[in-house]
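One-letter residues, chain by chain:
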Amino acid sequence: MESTLQIQNLKCGGCAHTIITRLEKLEGISNVIVDNDAHSVSFNYLNRKELESAITELSTLGYPVEGESNPVTKKAKSFVSCAIGRINN
């Protein structure tokens, strides 16, 4: 199955690199594509468990899905994820 999620705090290619790298490490997740302009991430998954794991991972990285709480702590995490993505890119 395929899903496209609208996410918060997506800023640049560093963010995209971190998201792609981390989601592709999750079991059952493949073909991760980040669209910075649309603030979205698309990927294939096998079942609901993998989809929920991806949503949890995004939130942990500081990129919660639209409608999810986005406190200052998540915004700060996204800046750290962004910086790491820029360094590793």
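To be clear, the structure that these remarks concern was listed above.
Note that this is a predicted model, so its numbers are computed, not measured.

## Here we look at the pattern of salt bridges
Two side chains that carry opposite charge are able to pair once their charged atoms sit near each other. All chains considered together, the criterion is met by three salt bridges. In this structure, Glu 52 and Arg 48 form a salt bridge, with 3.1 Å as the shortest nitrogen-oxygen distance. A residue pair is termed a helical-turn pair when its members lie 3 or 4 positions apart in one helix, as Glu 52 and Arg 48 do in helix α2 (residues 48-61) at four residues. One salt bridge connects Glu 68 with Lys 74, and the closest N-O pair in it is separated by 3.2 Å. Residue classification places Glu 68 among the partly exposed residues on the basis of a relative accessible area of 26%. Judged by relative accessible area, Lys 74 falls into the buried class, the value being 17%.

## Remarks on the pairing of strand β1 (residues 2-6)
Burial along β1 is one-sided: Ser 3 and Leu 5 are buried, while Glu 2, Thr 4 and Gln 6, pointing the other way, are not. Looking at chain direction, β1 and strand β3 (residues 40-45) are connected through five bridges and run antiparallel. Pairing of Leu 5 across the sheet is with Val 41, part of β3.

## Overview of the environment of Thr 73
Among the secondary structure elements, Thr 73 is positioned in helix α3 (residues 72-88). A relative accessible area of 53% means that Thr 73 is categorised as exposed. Along the backbone, Thr 73 and Gly 13 are 60 residues apart, and their C-alpha atoms lie at a distance of 21 Å.

## Things to note about the sheet that holds β1
Taken together, three strands build an open sheet; the order of strands is β1-β3-β2 and the sheet is antiparallel. At either end of the open sheet lies a strand with only one pairing partner, and these are β1 and β2 (29-35). Strand after strand, the sheet turns through a mean of 20 degrees between neighbouring axes, direction not considered. Packed onto the sheet, helix α1 (residues 13-24) meets β2 and β3 and runs at close to 170 degrees relative to β2. Running at roughly 150 degrees to β3, α2 makes contact with β1, β2 and β3 of the sheet.

## Digging into the environment of Leu 10
Relative to the helices and strands, Leu 10 is located in the loop between β1 and α1. Along the backbone, Leu 10 and Leu 23 are 13 residues apart, and their C-alpha atoms lie at a distance of 15 Å.

## Re the packing of α1 against α2
In contact at an axis separation of 10 Å, α1 and α2 are set at 140 degrees when each is read in the N-to-C sense. Comparing the axis directions of α1 and α2 gives the class oblique. Note on packing geometry: the crossing formed by α1 with α2 is right-handed. Seen from α1, the contacting residues are Thr 18, Ile 19, Arg 22 and Leu 23; seen from α2, they are Ala 54, Glu 57, Leu 58 and Leu 61. Along the lines of polarity and charge, the residues of the contact of α1 with α2 split into five nonpolar, one polar and two charged.

Rules and cut-offs
Residues numbered from 1 in each chain as written. Predicted model: local features only at pLDDT ≥ 70, side-chain atom pairs only at ≥ 80, totals over all residues. Heavy atoms only, no water. Salt bridge = Lys/Arg side-chain N within 4 Å of Asp/Glu carboxyl O. Helix = DSSP H or I, 4+ residues; strand = E, 2+ residues; numbered from the N terminus. Buried < 20%, exposed > 50% of the residue type's maximum accessible area, 1.4 Å probe, protein only. Pairing = 2+ DSSP bridges. Axes fitted to C-alpha atoms, helices over the stretch in contact; angles between N-to-C directions. Contact = heavy atoms within 4.5 Å. Parallel < 35°, antiparallel > 145°, perpendicular 65-115°, else oblique. Left-handed = near helix turned anticlockwise from the far one by under 90°. Nonpolar A, V, L, I, M, F, W, Y, C, P; charged D, E, K, R; others polar.

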